[in-house]
Amino acid sequence: EADIYQTPRYLVIGTGKKITLECSQTMGHDKMYWYQQDPGMELHLIHYSYGVNSTEKGDLSSESTVSRIRTEHFPLTLESARPSHTSQYLCASSGRGAMVFEQFFGPGTRLTVL
Amino acid sequence: SQKIEQNSEALNIQEGKTATLTCNYTNYSPAYLQWYRQDPGRGPVFLLLIRENEKEKRKERLKVTFDTTLKQSLFHITASQPADSATYLCALERDDKIIFGKGTRLHILP
């Protein structure tokens, strides 16, 4: 079991609300990622970070923002949720040395915006 | 742009047989390729990585091949079990990031 945690696991929220999805890992990994995945579809990278104070946008355009103030913490924020944001959000991290390429995933947050 | 193709249809295999999943890619030559397993409602779990200079990699009942000329990887599960039923994702390295395919749903029938 990977040491990467996401909260909440499920979130149902109304349009226009601000939300923050939490992601933490205890493996000391420098690299962290946020993916968005709709049912039966591929994972799309929306944000990534190579270390503290480093954040980049991924391949899929997203209205969300991220921050990386501490190595272990990589929260994702939606300032104003919309129904089009309904999806599963998966956080991942990867480390150094022999395991540098393997990505460890959290359990995901299933977001529903009404 | 880079494209990863995996069997779009679900694959049904009788228990005990070998399941073979295919991953084809275009427009890129990755330094390595990975396979992940994903169960419903959960995040993917890493299974195997194979580098461009490796033809084959094994781990217990799993075997992966990587043909950089054909731009194809094959993922085999021998002596398949109902517990192997899941979606299997192929993933390629690109610019220090990972690009995932849609995955193939595998059902092992008892």
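Quantities reported herein were computed from a predicted structural model and do not represent experimental measurements.

Calculation notes
- Residues numbered from 1 in each chain as written.
- Chains lettered and ligands numbered in written order.
- Predicted model: local features only at pLDDT ≥ 70, side-chain atom pairs only at ≥ 80, totals over all residues.
- Heavy atoms only, no water.
- Disulfide = S-S within 2.5 Å.
- Helix = DSSP H or I, 4+ residues; strand = E, 2+ residues; numbered from the N terminus.
- Buried < 20%, exposed > 50% of the residue type's maximum accessible area, 1.4 Å probe, protein only.

Peer 1: What exactly am I supposed to notice about the state of the cysteines here?
Peer 2: What is meant by a disulfide is a covalent connection between two cysteines, made through their sulfur atoms. Evaluated as defined, the whole model comprises two disulfides over all chains. Linked covalently through their sulfurs, Cys23 of chain A and Cys91 of chain A form a disulfide whose S-S length is 1.9 Å. One disulfide, between Cys23 of chain A and Cys91 of chain A, carries an S-S torsion of -75° and so falls in the left-handed class. Here Cys23 of chain A is found in strand β3 (residues 19-25), whereas its partner Cys91 of chain A is found in strand β9 (residues 87-94), with 68 residues between them in sequence. Pair check on accessibility: Cys23 of chain A and Cys91 of chain A agree, each one buried. Here Cys23 of chain B is linked by a disulfide to Cys90 of chain B, with a sulfur-sulfur distance of 2.0 Å. On the sign convention where negative means left-handed, the S-S torsion of about -60° between Cys23 of chain B and Cys90 of chain B marks this disulfide as left-handed. Separated by 67 residues along the polypeptide, Cys23 of chain B in strand β3 (residues 19-26) and Cys90 of chain B in strand β9 (residues 86-94) bring together distant segments of the chain. The same class applies to Cys23 of chain B as to Cys90 of chain B, namely buried.

Fair warning: the whole summary comes from geometry, so function is off the table for now.
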